[in-house]
Amino acid sequence: MRRKQKGITLLGFIIGLAVAGVFIYMGMKVIPMYSEYYSVRQALEGLAKEPDITTSSPKQVQDLFFRRLDISYADNVKPRDVKIARKDSGYLMTVDYEVRKPLIANLDVVGRFHAEKELRRSRD
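Asker: Lay out the overall build of the protein in plain terms, naming residues and giving numbers.
Answerer: Within the protein one finds 2 helices and 3 strands. For the protein, the N- to C-terminal ordering of α and β elements is α-α-β-β-β. Radius of gyration (C-alpha) of the protein: 23 Å, far over the 14 Å computed for a compact globule of 124 residues. The contacts of the protein with a sequence gap of at least 6 include a subset with a gap of at least 24, amounting to 54%. Surface summary for the protein: the accessible area is close to 9,400 Å², and the carbon and sulfur share equals 55%.

Below is the structure:
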């Protein structure tokens, strides 16, 4: 009676480990980019809940926004990426930015992010 061996070879195990390692490495580059994007969205949500945000000047609104980002260690958003436009009885705040992280050799991971929030007078 002959028995058939089952299992994975050492070479197959090493190849599987290498593929998993590449995906984990890519995740280590991409996840912080998305974490920063969610910090930007939370900062915009927090600004929208500020009382009397519509009576502030655009410069004050931008300053409040960047103070909130400093708490979250979001370093990739620059003042040139933030646009504040007057809309109806408030502001429309738009944040468009790009994050570029080196991956392997001359390959980069690029993330383009867009977030916008309408800042209105709160209804009491």
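Next comes the rest of the write-up.
Asker: Let's hear about the environment of Phe66: which residues, and what values?
Answerer: One can find Phe66 in helix 2 (residues 58-71). With 11 residues separating them in the primary sequence, Phe66 and Val77 have C-alpha atoms 8.6 Å apart. Beyond its immediate sequence surroundings of up to four residues, Phe66 is in contact with Val77, Lys78, Pro79 and Val82.

Asker: Describe in detail the side chain of Thr54, supporting the description with residues and values.
Answerer: Its place among the elements puts Thr54 in the loop between helix 1 (10-48) and helix 2. Apart from the residues lying within four places of it in its own chain, the contact partners of Thr54 are Arg86, Ser89, Gly90, Tyr91, Leu119, Arg120 and Arg121.

Asker: Hey, could you go over the packing of aromatic side chains for me, with residue numbers and the actual values?
Answerer: Under the criterion given, the structure shown has 5 aromatic pairs. Taken together, the ring pairs connect Tyr34, Tyr37, Tyr38, Tyr97 and Phe113 into an aromatic cluster.

Asker: Give a detailed account of the nonpolar core, specifying residues and quantitative values.
Answerer: One finds Val40, Phe65 and Val77 to be the most contacted residues of the largest nonpolar core, which totals 25 residues. Elements represented by at least two residues in this core include exactly helix 1, helix 2, strand 2 (90-104) and strand 3 (107-119). A total of 7 residues in this core trace back to one element, the largest contributor, which is helix 1. Beyond its immediate sequence surroundings of up to four residues, Val40 is in contact with Phe65, Leu69, Val77, Val95, Tyr97 and Ala115.

Asker: Give me the environment of Ser57: which residues, what numbers.
Answerer: The residue Ser57 is located in the loop between helix 1 and helix 2 in this model. Owing to a relative accessible area of 30%, Ser57 belongs among the partly exposed residues under this scheme.

Asker: Talk me through the sheet that holds strand 3; I want residue IDs and the actual numbers.
Answerer: Strand order in this open sheet of 3 strands is 1-2-3, and the pairing throughout is antiparallel. Lying at the two open borders of the sheet, with one neighbouring strand each, are strand 1 (82-87) and strand 3. Adjacent strand axes in the sheet meet at a mean angle of 15 degrees, parallel and antiparallel pairs treated alike. Contacting strand 2 and strand 3, helix 1 crosses the sheet at an angle of about 10 degrees to strand 3. Seen against the sheet, helix 2 touches strand 1, strand 2 and strand 3 and runs at an angle of roughly 135 degrees to strand 1.

Asker: Please provide a residue-by-residue account of unusual backbone geometry, values included.
Answerer: Residues apart from glycine generally show negative phi values, whereas peptide bonds are mostly found in trans. Residues other than glycine seldom take positive phi values, yet Asp52 does so here, at roughly 60 degrees. Looking at where Asp52 falls in the secondary structure, it is placed in the loop between helix 1 and helix 2.

Thresholds applied
Residues numbered from 1 in each chain as written. Predicted model: local features only at pLDDT ≥ 70, side-chain atom pairs only at ≥ 80, totals over all residues. Heavy atoms only, no water. Helix = DSSP H or I, 4+ residues; strand = E, 2+ residues; numbered from the N terminus. Rg over C-alpha atoms; globule rule 2.2 N^0.38 Å. Contact = heavy atoms within 4.5 Å. Areas by Shrake-Rupley, 256 points an atom, 1.4 Å probe, with all protein chains shown as cover. Phe/Tyr/Trp six-rings, centres within 6.5 Å; stacked < 30°, edge-to-face > 60°. Core = buried A, V, L, I, M, F, W, Y, C linked by side-chain atoms within 4.5 Å. Buried < 20%, exposed > 50% of the residue type's maximum accessible area, 1.4 Å probe, protein only. Pairing = 2+ DSSP bridges. Axes fitted to C-alpha atoms, helices over the stretch in contact; angles between N-to-C directions.

No statement about biological role is implied by the geometric values presented.
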